[in-house]
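One-letter residues, chain by chain:
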Amino acid sequence: MVQLVGSLRKELSDTLSTCKVLVVGAGGIGCELLKNLVLTGFKNIDVIDLDTIDVSNLNRQFLFQKKHVGKSKAQVAKESALQFCPTVNITAYHDSIMNPEYNVEFFRKFMLVMNALDNRAARNHVNRMCLAADIPLIESGSAGYLGQVTVIKKGLTECYECQPKPTQKTFPGCTIRNTPSEPIHCIVWAKYLFNQLFGEEDADQEVSPDTADPEAAWNPEDTATHATASDKDGDIKRVSTKEWARSTGYDPAKLFNKLFKDDIMYLLTMDKLWKTRKAPTPLDWQQLENSARPQEVSAGLGLKDQQVLGVWGLCQLFQLSVETLRSQLQEKGEGAELVWDKDDPPALDFVTAAANLRMHIFSMNMKSPFDVKSMAGNIIPAIATTNAVIAGLIVLEGLKVLSGELESCRTIFLNKCPNLRKKLLIPCVLDPPRASCYVCASQPEVTVKLNVHKTTVLSLQDRILKERFGMVAPDVQIEDGKGTILISSEEGETETNNSKILADFGIRNGSRLQVDDFLQDYALLVNVLHTEELERDVEFEVVGEAPDKAPPPQSTQEEVKNITNGNKDSAQPSTSFKAPEDAEDDDIMIVDSGEEEEEEEGASSSTAVTTSASKRKHSDAETGETSTKRPRTDQSSAAAATNDDDNDDDDIIALD
Amino acid sequence: MIDMIEKEDPVISEEEAAQYDRQIRLWGLDAQKRLRGSRVLLAGLGGLGAEVAKNLILAGVKGLTLLDHEQVTEESCRAQFLVPVTAQGQNRAQASLERGQNLNPMVKVHADQDRVEDKPDDFFLQFDAVCLTGCSRDLMVRIDQLCSKHNIKVFCGDVYGYYGYMFCNLGKEHSYVEEKPKMVKPTGNSSDGPEAKKAKIDPNETTMVKKMASFCTLKEALEVDWTTEKAKAGMKRTPVDYFMLHVLLTFRTDKGRDPDPLAFPEDSRLLRKIREDVLETLAVSADLLNDDFISYCFSEMSPVCAVVGGVLGQEVVKALSQRDAPHRNFFFFDGRKGNGVVDYFGPN
C-alpha cells in the first residue's frame, strides 16, 4: 500500500530527511532552489556563494531585502530560509567553491550537488569535483525568459564538458582599432582604452591605429605624410598609452584630440580601408566647444539613462569622467591601477563617452548610457519567474535521482513560446558520456596546436590549462623520459620557468605533457602539435574542435544553452576581456529536438540523442510557427547578447 | 483600465530603476510602467498562491490583494514560505501579509479574510486582473464570466501533487505588442565593409509589432464537446491533463476539498470512480486516462507550485504589461515527466 508523506512516497520522504545536499550559488536560481528544497522536506542543506547582495538582485533574489545589501548572499539566504522553516539544518559558506578546502572529500559528504552558478569556470570545476567524488550533479542555467536543467552522473550521462562549448570569441584587433562597424566594437575599444589609461595595460588591448592591418596593405615607408600620427608603429610600442597620458597630466582635451582627431586622421591615410567603407570623421575639441548648443531635454518619459547624449554632452562627460578617474588614480598612489566596474559611475561614464564619440566618428547610431551599461557590463536581464520554474525543475530531477530513478532523469528546456508540439517545457533524454571527452573519459587526452617558439610556460598555464581546460592548480610534467617538471602548482617552485618558451624545454612537435590537477583529481594528457600558422590573434587551437572564431555548427537546444552560458568565459558576447561575437552569431535557434517522440513511442533511448542540424524544421521561438529560416528570439539584443560582469552575481546559469 | 499608463506617476523613480533594472532590461520601461499601474486580486494563499504572490510582488504591480478565508494549519506552514511558523490559527492571508509586503515595499499588499464566494460582484471591478487558486469549478466559472464582461483579465490555477495547470481568459480582444528585430536592407554604399551586402538583422534596432488575441470563457473551455468529428480527430494531440483536471475539479466539488494524503485509501478509490464517470460523461475513451496519476496527485508539491506559479505569474505580467504573446489558454505541467504544454480548449 502506498504511504504518502505530503505528496511524496514515504521512502523518498525519509531519504530527504536524512540526506545531505549542496547548493552552489545563492543568487537568482539559488534563492528559489533553497526555498523549494526546504519546503519539499530536505533537512540538511549546505549553500555556498562568494558574493554579496546588490540592489539589482532584489527584483528576483527574494530571500534578500534592501536592508541586506552588502551582506553575504549565502548567509542571508540561510537566515531567511530558517524564518519559514526553523527546523532545517543549513550551513552557509561565504566562499568560492573553487577554494581547495572544498576537496573531493568535502563533496563526498553529499548525496546530491546542485549548481546555481553564473560562470563556466566554476561549473567546470564542480563538474570535475562531482566526477571525482562520483556524486550526481544537477546543472542549470537561465537568461531572460529561457532556461534549462540537466543531470550529470559519472559513467551514465555526459558530463558538463563532454560537448565542446564555444569559447569566448574575439573580434580581430583591426576591427577594434581600425574599422569598427558596430557599436559593440566601439564599446570594446572604450574598455580597452580604460585599461590602457587607468588600469592594467594589456598587449592584447591596443587602442591605437593598427598599421599592420592586412587589409590596409599600407606601405610603412609613407610615414612622411603622417606627422601627427600616433606614436605607435604597428605592434611595436615606443611609449605606452599610460605614460603618454601621464605626461599630459591626463588632460582631457589633449586625450580627446589624440584619440578622436589625430588617430582618426591617421586612419584616414590608410585609404585602402575606406574604399568600400564609410570613412571616419575626426572631431576637434575646440570646434565642438565653439559650436556647442544647450542639449535638448526631451520630455522625461523614459529613464534618464535611456537618453542618447549629444556630441558636446559626450565631450563634457568624457572630460568629467577623465578628471574623476585621474583623481581616483592619484588617491591610490604610485603604480596604482583601476579595475573597470560597471557599477562605478565614472568608469561607466568614461566608457559611455569614449564609445559614443567613436560611434559618432564612424557614423553609427549612438547608444544611451543604459544600453552601454548592458553591453559593456555584460548584463543579462533576469526575472524571478524564469528562475522559479528552473529551480522547481531542479528539485523534481533531484527527487528522481534520490529515488534511484536515474533513467527517468531528463534535460529540460524552458522556452519562451510553445514549440510545434505545444511544449513550453521540453524534456529530452540524457546522452551517455562521450568516449573522447577530455574530462570524463577514462584516460583523458587532448591535442593542442601552438607555436613552441612563441608560447611561454606562463601562457600554457594560464591561457591553456586554466582558462581553456578549466584547471585550478595544474602540475605539468613533460614526457621526455626524464620526467621534467614544467609547472608545479606549489607557489614559487617553477616561477622561473614562466617567461621561458616551451621550446626551451625541448618541447616540440609531438611532445606530450602530463597535466594533473590534484584538487580536481583530474589527469590530462596534452599532445603538442607545433605550428607556425595560427590565425592572427590566436595563440593556440584545440584540435578536433572548430576554431575559436566560429562556434561549431549547432542545432537543437544547444543554441538555447549557449545564451544561458553566463559570464565572461562563455560563448556569449562579452566585453570583459575579449570581444563579443558578431551580432549574427547571437541567433538563438529553438529547434524541435524530436527527442520527445522517441520517448513517447518507446523507442530505444540507449542511443544518444541526435543533435545533427540536418533538415529539422526550426520553430520560431515566439510564435511557434515553422520556418526554414533561422529565427531569432525577440529578446532585446542587449538581453540575448550579453553575459554578466565579474562583479555581478547574476544568475545566468549555463548548461552547455 | 490598463490601456492607459498610470497618469499619476509617469516617471519611474531612481529607486525603482535600480531595483527593477534587470527586468526593465528584459521587458522594457513601458511594460514596467503598466505593471506599476495594475491592481491584482489573488485568491487562495496555498503553495501555488504564495508563489504567484511572490512573483507579482517582485514584478512591481501597483497593488496585490491577498484573499483567503482559510486558517493557517500546521500543514500550511510547510506548504508555503510566506506564513511564519508561529502563525497557526491565524487567517492565511493575514499571516502572509508581512513577508509578502517585505518582498517589495513599493507594492501595496493587502490582506482580505473573506470567502471569495461571499464577495459582491463589484468587489472584483477594482482590479485589472484576478487570479483564482483553490476555488471550486462553479465559483471559477462565475467569476470568470463576471470579470470578462468588464474586461478584467482572469487567471485560474491549481497544483495537485506532481500535476498543475493554469488557465487564462484575457477577453475577446486582448491587444499586445511583440518586439521584433528590424531587418536592414543591404545598401552597398553607406555600408560598413564586406558584410553590408547581406541582408542583416540589425541587432541594434527593434520594432514593436501590434497584435491581438482572443480568448473564450472558462465555461466554454471546460464544456468542449468531445463527440464531434473534429474533437475526435484532434484527440491524439490532446493532453490528457485536461481530463485529469476535470476529475480533480469534480473531486473538489464533491468533497469540498482536494485529495488528502491522510485519507489516501478512500480518496484514491473516489478518484478512480470519478475518473470513470468523468470520461464516460465526456464521451471519451476510458483508456484515455489510466490510474497512474492517482497516487501522484495528493497535496501541493513545492517544486510544482514553483513551476506553475512561475508560468502563471509571468502570464499575469505579460497580460498586464500587454507585451509578448500570451499562452492560449491552458498550461499543463506534469512534474513526473517534466512536460509543460500549452493548448487551447474551447470553441474555434
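In this numbering scheme, every chain counts its residues from 1 along its sequence in written order. As they are written, the chains are lettered A onward and the ligands numbered 1 onward, keeping that order. Per-residue local features of the predicted model are confined to residues with pLDDT of at least 70, and side-chain atom pairs are confined, for both listing and counting, to 80 or more; whole-chain, interface and lining totals are unaffected and use all residues. Only hydrogens and water are set aside; all other atoms, that is, all heavy atoms of the structure, feed into the side-chain values.

1. Some words on the overall build of chain B
Phase 1 of the analysis: Labels follow the DSSP assignment, with helices taken as runs of H or I lasting at least four residues and strands as runs of E lasting at least two, numbered in each case from the N terminus. Helices and strands together make up the secondary structure of chain B, namely 12 helices and 10 strands.
Phase 2 of the analysis: Each radius of gyration reported is based on C-alpha atoms, and the globular scaling rule is 2.2 Å times the count of residues to the power 0.38. The globule rule puts the C-alpha radius of gyration for 348 residues at 20 Å, and the 22 Å found for chain B is close to it.
Phase 3 of the analysis: In terms of overall dimensions, chain B has a C-alpha envelope of 75 × 50 × 35 Å along the principal axes.
Phase 4 of the analysis: Counting the 348 residues in chain B, one finds 60% classified as buried.
Phase 5 of the analysis: Throughout, a residue-residue contact means that at least one pair of heavy atoms, one from each residue, lies within 4.5 Å. Taking the contacts inside chain B whose residues are at least 6 apart along the sequence as the reference set, 67% of them involve residues at least 24 apart.
Phase 6 of the analysis: Surface accessibility follows the Shrake-Rupley procedure with a 1.4 Å probe radius. Residue values consider only the protein chains on display as shielding. Carbon and sulfur atoms make up 49% of the accessible area of chain B, which amounts to about 14000 Å² in all.
Phase 7 of the analysis: The positive count covers Lys and Arg only, the negative count covers Asp and Glu only, and His and the chain ends enter neither. In plain terms, the charge of a residue is placed at NZ if it is Lys, CZ if Arg, CG if Asp and CD if Glu. Counting 45 positive and 53 negative side-chain charges, chain B places the centres of these two groups 5 Å from one another. Relative accessible area decides the class of each residue, using a 1.4 Å probe on protein chains only: under 20% of the type maximum gives buried, over 50% gives exposed, and in between gives partly exposed.

2. Some remarks on the overall build of chain A
Phase 1 of the analysis: Helix and strand counts for chain A come out as 18 helices and 18 strands.
Phase 2 of the analysis: Relative to its 656 residues, chain A shows a buried fraction of 60%.
Phase 3 of the analysis: Pairs at least 24 apart in sequence give 73% of the contacts found in chain A among residues at least 6 apart.
Phase 4 of the analysis: Total accessible area on chain A is roughly 25400 Å²; 49% of this is exposed by carbon and sulfur atoms.

3. Here's the deal with the packing of aromatic side chains
Phase 1 of the analysis: Put simply, two rings from Phe, Tyr or Trp (the six-membered ring, in Trp's case) pair if the centres are within 6.5 Å, and we call them stacked under 30 degrees between planes, edge-to-face over 60, tilted for the rest. Under the definition given, this model contains 34 aromatic pairs over all chains.
Phase 2 of the analysis: Centroid distance B:Phe123 to B:Phe124: 5.4 Å. Interplanar angle 80°. Geometry classified as edge-to-face. Taken as a pair, B:Phe123 and B:Phe124 share a single burial class, namely buried.
Phase 3 of the analysis: Site record: aromatic cluster; members linked through ring pairs are A:Trp189, A:Phe194, A:Phe198, A:Tyr250, A:Phe256, A:Phe260, A:Trp285, A:Trp312, A:Phe318 and A:Phe350.
Phase 4 of the analysis: Any Lys NZ or Arg CZ that is within 6 Å of a ring centre and within 35 degrees of that ring's normal is treated as a charge sitting over the ring. The lysine or arginine in question, B:Lys54, covers the ring of A:Phe62, its NZ or CZ lying 5.3 Å from the ring centre.
Phase 5 of the analysis: Positioned above the aromatic ring of B:Phe123 is the side chain of B:Lys119, whose terminal nitrogen or guanidinium carbon lies 4.4 Å from the ring centre.

4. Quick look at the nonpolar core
Considering soluble globular proteins, one finds that nonpolar side chains tend to be buried as a cluster.
Phase 1 of the analysis: Definition of nonpolar core: a set of buried residues of the types Ala, Val, Leu, Ile, Met, Phe, Trp, Tyr and Cys, connected through side-chain atoms within 4.5 Å. Counting residues in each nonpolar core, the largest one holds 163 residues, and the members touching the most others are A:Phe42, B:Trp226 and B:Phe330.
Phase 2 of the analysis: Broken down by element, this core gets its largest block of residues, 11 residues, from helix 14 (residues 384-402) of chain A.
Phase 3 of the analysis: Apart from residues no more than four positions distant in its own chain, B:Trp226 is found in contact with B:Ala231, B:Lys232, B:Met235, B:Thr238, B:Tyr242, B:Phe243, B:Leu282, B:Ala283, B:Val284 and B:Phe345.
Phase 4 of the analysis: Listed in part, the 59 residues of the second largest apolar core include A:Ala190, A:Val207, A:Ala216 and A:Met270.

5. A few points about the confidence of the model for chain A
Phase 1 of the analysis: Values of pLDDT, ranging from 0 to 100, describe the predictor's confidence in every residue of the model. The share of residues in chain A with pLDDT of 70 or more is 78%, and the mean pLDDT across the chain is 82.
Phase 2 of the analysis: Under a pLDDT of 50 for its full length, residues 565-656 of chain A has, in the predicted model, 320 contacts with residues more than four places off or in other chains.

6. Here we look at the interface of chain B and chain A
Phase 1 of the analysis: On the chain A side, the residues contacting the 79 residues of chain B number 83 residues.
Phase 2 of the analysis: What gets called buried area is simply the loss in accessible area from a 1.4 Å probe that two parts show on being joined, summed for both. For the pair chain B and chain A, the two sides together bury roughly 6900 Å², of which 56% comes from carbon and sulfur.
Phase 3 of the analysis: If you sort the residues of chain B by the area they bury against chain A, B:Arg22, B:Arg25 and B:Leu26 come out on top, with a joint share of 14%.
Phase 4 of the analysis: Salt-bridge detection follows one rule: a side-chain nitrogen of Lys or Arg within 4 Å of a carboxyl oxygen of Asp or Glu. A:Lys66 serves as the salt-bridge partner of B:Glu15, at 3.1 Å between the closest nitrogen and oxygen.
Phase 5 of the analysis: Polar contacts, as counted here, are pairs of nitrogen or oxygen atoms within 3.5 Å of one another; within protein the pair requires one atom able to donate a hydrogen and one able to accept it, and residues that are adjacent in sequence qualify only if both atoms are side-chain atoms. Summed over the shared surface of chain B and chain A, the number is 22 residue pairs in polar contact (both at pLDDT 80 or more).
Phase 6 of the analysis: Grouping the amino acids of the side of chain B that touches chain A by side-chain chemistry returns 35 nonpolar, 20 polar and 24 charged. When residues are grouped by polarity, Ala, Val, Leu, Ile, Met, Phe, Trp, Tyr, Cys and Pro land in nonpolar, Asp, Glu, Lys and Arg in charged, and all others, Gly among them, in polar.

7. A word on the UniProt feature "active site" (unreviewed entry) in chain A
Residues and elements named next belong to chain A.
Phase 1 of the analysis: UniProt positions are given in the numbering used here, feature names are shortened, and annotations may be inferred rather than shown by experiment. In the numbering used here, UniProt assigns the feature "active site" (unreviewed entry) to Cys174.
Phase 2 of the analysis: On the secondary structure map, Cys174 appears in helix 6 (residues 173-177).
Phase 3 of the analysis: Judged by its relative accessible area of 14%, Cys174 is buried.
Phase 4 of the analysis: Ignoring anything within four residues of it in the chain, the contact list for Cys174 reads Thr179, Asp210 and Asp213.

8. With respect to the pairing of strand 5 (residues 153-160) of chain B
Residues and elements named next belong to chain B.
Phase 1 of the analysis: Across the eight residues that make up strand 5, a large majority, eight, are buried.
Phase 2 of the analysis: Neither face of strand 5 is exposed, since Lys153, Phe155, Gly157 and Val159 on one face and Val154, Cys156, Asp158 and Tyr160 on the opposite face are all buried.
Phase 3 of the analysis: Summarising the sheet, strand 4 (residues 129-133) and strand 5 pair through five bridges and their orientation is parallel. Residue pairing across strands places Ala129 opposite Lys153, the latter belonging to strand 5.
Phase 4 of the analysis: Crossover strand 4 to strand 5 through helix 7 (residues 137-149) is right-handed.
Phase 5 of the analysis: Strand pairing is defined by DSSP finding a minimum of two bridges between the two strands. Pairing analysis gives seven bridges linking strand 5 to strand 6 (residues 163-169), with the strands arranged antiparallel. Residue pairing across strands places Asp158 opposite Tyr165, the latter belonging to strand 6.
Phase 6 of the analysis: In sequence, strand 5 turns back onto strand 6 through a hairpin of two residues, with Gly161 there showing a positive phi of about 60°. When the strands point away from the viewer, a crossover counts as right-handed if the route from the first strand across the helix to the second turns clockwise.

9. Some thoughts on the pattern of salt bridges
Side chains that differ in sign of charge can pair as their charged atoms come close.
Phase 1 of the analysis: In the structure shown here, the tally under the stated rule is 43 salt bridges over all chains.
Phase 2 of the analysis: Note that A:Asp462 is salt-bridged to A:Lys466, the shortest N-O span being 4.0 Å. With A:Asp462 and A:Lys466 both in helix 15 (residues 457-468) and four residues apart, the pair spans about one turn of that helix.
Phase 3 of the analysis: Across the salt bridge formed by B:Arg323 and B:Glu179, the nearest N and O atoms sit 2.5 Å from each other. Separated by 144 residues along the polypeptide, B:Arg323 in the loop between helix 12 (302-321) and strand 9 (330-334) and B:Glu179 in strand 7 (residues 174-184) bring together distant segments of the chain. Neither residue differs from the other here; B:Arg323 and B:Glu179 are each classed as buried.
Phase 4 of the analysis: Beyond isolated ion pairs, a larger network of salt bridges with shared partners links A:Glu32, A:Lys35, B:Glu51 and B:Lys54.

10. So, helix 2 (residues 21-36) of chain B
All names here are of chain B.
Phase 1 of the analysis: Taking 1.5 Å of rise per residue, the 16 residues of helix 2 would be expected to cover 22 Å, yet its terminal C-alpha atoms sit only 14 Å apart, more than 12% below that figure.
Phase 2 of the analysis: At Gly28, helix 2 is bent by approximately 105°, the largest bend along its length.
Phase 3 of the analysis: Burial within helix 2 is extensive, with 15 of its 16 residues counted as buried. By this rule, a helix spans an expected 1.5 Å times one less than how many residues it contains. Think of it this way: the bend at a residue is just the angle between two axes, each fitted to seven residues, one set ending at that residue and the other starting at it.

11. Quick look at the domain arrangement of chain B
Residues and elements named next belong to chain B.
Phase 1 of the analysis: Domain delimitation in this document rests on an assignment produced automatically or drawn from a domain database. By the assigned domains, chain B splits into domain 1 (14-172 + 301-341), domain 2 (174-210) and domain 3 (220-295).
Phase 2 of the analysis: A separation of 37 Å is found between the C-alpha centroids of domain 1 and domain 2.
Phase 3 of the analysis: Each partner contributes to the interface: domain 1 provides 10 residues, whereas domain 2 provides seven residues.
Phase 4 of the analysis: Interface area, domain 1 with domain 2, both sides summed: about 710 Å², of which 48% is carbon and sulfur.
Phase 5 of the analysis: Per-residue buried area on domain 1 facing domain 2 is highest for Gln322, Arg323 and Asp324; these three make up 58% of the total on that side.
Phase 6 of the analysis: At the junction of domain 1 and domain 2, the tally comes to one salt bridge.
Phase 7 of the analysis: The interface formed by domain 1 and domain 2 includes five residue pairs in polar contact (both at pLDDT 80 or more).
Phase 8 of the analysis: A class-by-class count of the residues in the side of domain 1 that touches domain 2 yields four nonpolar, two polar and four charged.

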